[in-house]
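Next come the chains, spelled out residue by residue.
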Amino acid sequence: MIEASSSFKVAVRYFIDAITEAARSHEIAIDDIHWFIPHQANIRMFRSVASTLKIPFEKFYLTLSKYGNISSASCAIALDEAVRDGSVRPDELICLPVFGGGLTWGSALIR
């Protein structure tokens, strides 16, 4: 069993890996990504990810304060909200990094 502080570090590492791999595999710079809309797990995780990758924290669209961590639906709900409220604009590049409790992770880049 992974203890809480270890699972935090593992999640941060794989969020970072998911973002960097998405950028690398599509031959783009992380700076070219307009929004990061992650699985809404923990704000401290995203501050750590942003700091490590030198991404302005304002590029993270978060709904944690509104809905909390609502598991696998959180990324899709946050994306829908970002589009509906006009935060995401046409042709912007969005990274959707996710990490699951079963120690699974991944990401998608969409426009």
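So, here's what we can say about the structure. All of these numbers come straight from a predicted model, not from anything done at the bench. Here the residue index of a chain counts from 1 through its sequence in written order. Whole-chain, interface and lining totals are the exception, using all residues; otherwise, since this is a predicted model, local features are given only for residues with pLDDT of at least 70 and side-chain atom pairs are given and counted only at 80 or more. Excluding hydrogens and water, the side-chain figures rest on all heavy atoms present in the structure.

Looking at the overall build of the protein
Phase 1: Only runs of H or I of at least four residues qualify as helices and only runs of E of at least two qualify as strands under DSSP, and these elements are numbered from the N terminus. Summing up its helical and strand segments, the protein has 4 helices and 5 strands in all.
Phase 2: What you see in the protein, going N to C, is helices and strands ordered as α-β-α-α-α-β-β-β-β.
Phase 3: Radius of gyration: C-alpha atoms only; globule rule: 2.2 Å multiplied by the number of residues to the exponent 0.38. Taken over C-alpha atoms, the radius of gyration comes to 13 Å for the protein, in line with the 13 Å a tight globule of 111 residues would show.
Phase 4: The C-alpha extent of the protein, read off along each of the three principal axes, is 45 × 30 × 20 Å.
Phase 5: Counting every position in the protein, which comprises 111 residues, the buried fraction comes to 41%.
Phase 6: Contacts are residue-level and defined by heavy atoms, with any inter-residue pair within 4.5 Å sufficient. Considering only contacts in the protein between residues 6 or more positions apart, those separated by 24 or more positions represent 57%.
Phase 7: A 1.4 Å probe and the Shrake-Rupley method give the accessible areas. Residues count as covered only by the protein chains that appear here. Surface exposure of the protein reaches about 6,400 Å², of which carbon and sulfur atoms provide 53%.
Phase 8: Asp and Glu are treated as the negative residues and Lys and Arg as the positive ones, with His and the ends of the chain left uncounted. The atom standing in for a charge is NZ when the residue is Lys, CZ when it is Arg, CG when it is Asp and CD when it is Glu. In the protein, which carries 11 positive and 12 negative side-chain charges, the distance between the mean positions of the two groups comes to 6 Å. The rule is simple: take the accessible area with a 1.4 Å probe, protein chains only, and divide by the maximum for that residue type; under 20% is buried, over 50% is exposed, in between is partly exposed.

Looking at helix α4 (residues 74–84)
Phase 1: Of all the positions in α4, only Ser74, Cys75, Ala78, Leu79, Glu81 and Ala82 are classed as buried. Buried residues along α4 cover an arc of 165 degrees about the axis, so they all sit on one side. Exposed residues on α4 whose side chains face more than 90 degrees from its buried face are Ala76 and Arg84.
Phase 2: Those residues of α4 hidden inside the fold are in contact with α3 (64–67), β2 (94–95), β3 (98–100) and β5 (109–110).
Phase 3: Gly86 sits one or two positions beyond α4 and adopts a positive phi of about 85 degrees. What the arc describes is the spread of directions from the helix axis to the C-beta atoms.

Comments concerning the pattern of salt bridges
Phase 1: Throughout this description, the term salt bridge denotes a Lys or Arg side-chain nitrogen within 4 Å of a carboxyl oxygen of Asp or Glu. Following the criterion strictly, the structure yields 3 salt bridges and no others.
Phase 2: Arg24 is the partner of Glu21 in a salt bridge, and the nearest nitrogen-oxygen pair spans 2.9 Å. In this pair, Glu21 and Arg24 are both assigned in helix α1 (residues 4–25), 3 residues apart and thus about one turn of the helix distant.
Phase 3: Salt-bridge contacts for Lys66 lead to Glu81; the nearest nitrogen and oxygen are separated by 3.4 Å. Of this pair, Lys66 sits in helix α3 while Glu81 sits in helix α4; the two residues are 15 residues apart in sequence, bridging distant segments of the chain.
Phase 4: Note on Lys66: relative accessible area 55%, which makes it exposed.

Focus: the sheet that holds β2
Phase 1: Reading across from one edge, β1-β2-β5 is the order of the 3 strands in this open sheet, with mixed pairing throughout. Two strands lie at the open edges of the sheet, namely β1 (35–36) and β5, each paired on one side alone.
Phase 2: Only when DSSP finds a minimum of two bridges between them are two strands counted as paired. When β1 meets β2, the two strands line up parallel, connected through 2 bridges. Its bridge partner lying in β2, Trp35 is registered against Ile94.

A closer look at the packing of aromatic side chains
Phase 1: Working definition: a ring pair exists when centres of Phe, Tyr or Trp rings (six-membered ring for Trp) sit within 6.5 Å. Plane angles under 30 degrees give stacked, over 60 give edge-to-face, the rest tilted. Scanning the model with the defined rule gives 8 aromatic pairs in all.
Phase 2: Relative to Tyr61, the ring of Trp35 lies with its centre 5.9 Å away and its plane at 75 degrees, an arrangement referred to as edge-to-face. Of this pair, Trp35 sits in strand β1 while Tyr61 sits in the loop between α2 (43–53) and α3; the two residues are 26 residues apart in sequence, bridging distant segments of the chain. Exposure class is identical for Trp35 and Tyr61. Each is buried.
Phase 3: Each residue in the set Tyr14, Phe15, Phe36, Phe46, Phe57, Phe60, Phe99 and Trp105 is aromatic and connected to the rest through ring pairs, giving one cluster.

Quick word on the environment of Ser25
Phase 1: Residue placement: Ser25 occurs in helix α1.
Phase 2: As used in this structure description, the phrase polar contact means that two N or O atoms lie within 3.5 Å; if the pair is within protein, one of them must be able to donate a hydrogen and the other to accept it, and residues adjacent in sequence are counted only when both atoms belong to side chains. In this structure the side chain of Ser25 is engaged in a polar contact, spanning 3.3 Å, whose partner is the backbone oxygen of Ala22.

Function cannot be read off these values alone, since they describe shape.
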